[in-house]
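Per-entry structural report
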Amino acid sequence: MQIITIDGPASSGKGTVAKLIAKKLGFHYLESGAIYRVVALITIKEAIDSSDIDSILTLIDNMELRFIDGSVLVDNLDVTDGLRAEAVGMMASTVAKNDVIRKRLLDFQREFATEPGLVTDGRDMGSVVFPNAHLKIFLTASPTVRAKRRYEQLKHNINVSLDNILADIIARDKQDTERANAPLKYDSSFILIDNDNMTIDETVQCIISLLNSKHNI
Ligand code: CDP
């Protein structure tokens, strides 16, 4: 069974690209960030302090999380729309610093690796969750380009400014790369793609070509 991991910073396009590749190959898709976002959303809704790890672990143990046709369901409630807010992303990044929380979510993520294959995106998919994946991509782009992309995604539904988004992205990059546990980090086991000047389709094509060339080695 093949596993393709796509790790990278916020708004590098990894989710869109991973989903398209999974569709092309007929593989399963796991958006690991959505798991951290769900935990963050409930933490915020239930007014739990981000330092109250025991309460967060209890909520993880008691929630039933399902991904169905692009929607995220928690205890049968569709929470998809609430997940994309920047405040939820920031809280996800804060909660994700904790090693016990990360370990509690490991098995759930690994269960997605079933036939015929898996495409997954996040921060530690190639480093921690699936270190032996067939193809490990590190997808990045400059902060300004990523902020513009996130702004285009969010401007229709939420009152946001490009400056605020850029500041959030820079703060989240810092928190995600500097944390002690499973930081977002490039090493030579990854193939680095900077897609500043590439369209989504070009990025997908690039990864499919890399996959095909691996098959021919
Ligand atoms: O979509 P975007 O790249 O902005 O974020 P995301 O993938 O939804 O992830 C939200 C936050 O969850 C990140 O900033 C990370 O701190 C955390 N995360 C993580 O720690 N490990 C993962 N495998 C995925 C996300």
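Cut-offs used in this document
Residues numbered from 1 in each chain as written. Predicted model: local features only at pLDDT ≥ 70, side-chain atom pairs only at ≥ 80, totals over all residues. Heavy atoms only, no water. Near = heavy atom within 4 Å. Polar contact = N/O pair within 3.5 Å; in protein donor to acceptor, adjacent residues only side chain to side chain. Areas by Shrake-Rupley, 256 points an atom, 1.4 Å probe, with all protein chains shown as cover. Helix = DSSP H or I, 4+ residues; strand = E, 2+ residues; numbered from the N terminus. Nonpolar A, V, L, I, M, F, W, Y, C, P; charged D, E, K, R; others polar. Domains from an automatic or database assignment. Buried < 20%, exposed > 50% of the residue type's maximum accessible area, 1.4 Å probe, protein only. Contact = heavy atoms within 4.5 Å. Buried area = accessible area lost by both parts, 1.4 Å probe. Salt bridge = Lys/Arg side-chain N within 4 Å of Asp/Glu carboxyl O.

**Details of the site of the ligand**
As a structural note, the neighbourhood of the ligand is formed by 20 residues, with Lys14, Arg37, Arg102, Asp124 and Asp176 the closest of them. At a separation of 2.9 Å, an oxygen atom of the ligand approaches a polar side-chain atom of Arg179. Across the complex, the protein chains shield 98% of the 520 Å² of accessible surface that the ligand would expose by itself. Within the residue set of the shell around the ligand, elements represented by two or more residues are helix H2 (32-45), helix H4 (86-95) and helix H9 (162-178). Within the shell around the ligand, the residues separate by chemical class into five nonpolar, five polar and 10 charged. Composition of the shell around the ligand by domain shows at least three residues from each of domain 1 (1-27 + 117-212) and domain 2 (29-115).

**Describing the side chain of Thr203**
Its location among the elements puts Thr203 in helix H10 (residues 200-215). Among the residues examined, Thr203 registers a relative accessible area of 0% and is labelled buried. Every residue in contact with Thr203, bar those within four places of it in the chain, is listed here: Val17, Leu139, Asn195 and Met198.

**Some words on the domain arrangement of the protein chain**
In many reports, interface size means the accessible area that the parts give up when they come together. Taken domain by domain, the protein chain comprises domain 1 (1-27 + 117-212) and domain 2 (29-115). Computed from C-alpha atoms alone, the centre-to-centre distance between domain 1 and domain 2 is 18 Å. Taken together, the contact between domain 1 and domain 2 spans 29 residues of the former and 25 residues of the latter. Regarding the contact of domain 1 and domain 2, the summed buried area is about 2,300 Å², with carbon and sulfur atoms giving 51% of it. It is Arg172, Gln175 and Asn181 that lose the most area in domain 1 upon contact with domain 2, and together they represent 23% of the buried surface on that side. If you look at where domain 1 meets domain 2, you find two salt bridges. Residue Asp124 pairs with Arg102 through a salt bridge whose shortest N-O separation is 2.9 Å. Sorting the residues of the side of domain 1 that touches domain 2 by element identifies helix H1 (14-25), strand E6 (117-122), helix H7 (125-129), helix H8 (143-154) and H9 as the ones contributing at least two each. Among the elements that take part in the side of domain 1 that touches domain 2, E6 stands out by supplying six residues, more than any other.

**Section: the pattern of salt bridges**
Side chains bearing opposite charge may pair, as long as their charged atoms lie close to each other. Scanning the model with the defined rule gives 10 salt bridges in all. Note that Asp61 and Arg104 form a salt bridge whose closest N and O atoms lie 2.6 Å from each other. Of this pair, Asp61 sits in helix H3 (residues 53-62) while Arg104 sits in helix H5 (residues 99-104), placing them 43 residues apart in sequence. Residue Asp176 pairs with Arg123 through a salt bridge whose shortest N-O separation is 3.2 Å. Residue Asp176 is found in helix H9, and its partner Arg123 is found in the loop between E6 and H7; the two are separated by 53 residues along the sequence. Linked by salt bridges that have partners in common, Arg123, Asp176 and Arg179 make up one network.

**Overview of unusual backbone geometry**
Cis peptide bonds are those with omega within 30 degrees of zero, and the linkage from Glu115 to Pro116 qualifies with 5 degrees. Summarising the element assignment, Pro116 is placed in the loop between helix H6 (106-110) and E6. One non-glycine residue, Asp75, adopts positive backbone phi at about 45 degrees. You can see Asp75 is positioned in the loop between strand E4 (71-74) and strand E5 (77-78). Given the relative accessible area of 45%, Asp75 is considered partly exposed. Despite not being glycine, Asn76 has its phi angle at roughly 70 degrees, a positive value. As for its placement among the helices and strands, Asn76 is situated in the loop between E4 and E5. Here Asn76 falls in the exposed class, since its relative accessible area comes to 55%.

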